[in-house]
Amino acid sequence: MTVKSGVKSAGRQAASSRWLEGLARGGFVACGVNYLLIGVLAVQIGVGAGGEAADISGAMHAVIACLT
């Protein structure tokens, strides 16, 4: 078996792996949650929720409040 055929074989095994598919789907879900969270924060800033100037510490407090 050559190195090239070994790599192809490993690639085929990884492509058909249920574990890898689950990890990929989990990554897509996590990315979507991040986009949703950033979108919600942007809308809140846009409508002036909170009545204070936007800054990093306020954004971090909002993220932590959403997660708890």
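Above: the structure in question.
If you're wondering where the values come from, they're calculated on a predicted model, not measured in any experiment.

Definitions and limits used
Residues numbered from 1 in each chain as written. Predicted model: local features only at pLDDT ≥ 70, side-chain atom pairs only at ≥ 80, totals over all residues. Heavy atoms only, no water. Helix = DSSP H or I, 4+ residues; strand = E, 2+ residues; numbered from the N terminus. Buried < 20%, exposed > 50% of the residue type's maximum accessible area, 1.4 Å probe, protein only. Areas by Shrake-Rupley, 256 points an atom, 1.4 Å probe, with all protein chains shown as cover. Expected span 1.5 Å × (residues − 1). Salt bridge = Lys/Arg side-chain N within 4 Å of Asp/Glu carboxyl O.

Draft legend 1. Seen up close, the overall build of the protein. What the protein contains, in helices and strands, is three helices and zero strands. Element order for the protein, N to C, with α for helix and β for strand: α-α-α. In the protein, which comprises 68 residues, the share counted as buried stands at 3%. Element-wise, carbon and sulfur atoms account for 69% of the exposed surface of the protein, whose accessible area totals about 5900 Å².

Draft legend 2. Representation of helix α2 (residues 18-47) within the structure. For α2, with 30 residues, the first-to-last C-alpha span of 43 Å sits near the 44 Å given by 1.5 Å per residue. Once α2 finishes, glycine 48 follows within two positions and takes phi at roughly 80°, a positive value.

Draft legend 3. Summary view of the pattern of salt bridges. Under the criterion given, the structure shown has one salt bridge. Put simply, arginine 25 and glutamate 21 hold a salt bridge, and the shortest N to O gap is 2.8 Å. Of the two residues, arginine 25 and glutamate 21 are both situated in helix α2; the distance of four residues between them amounts to about one turn of the helix. For arginine 25, a relative accessible area of 54% puts it in the exposed group. Given the relative accessible area of 40%, glutamate 21 is considered partly exposed.

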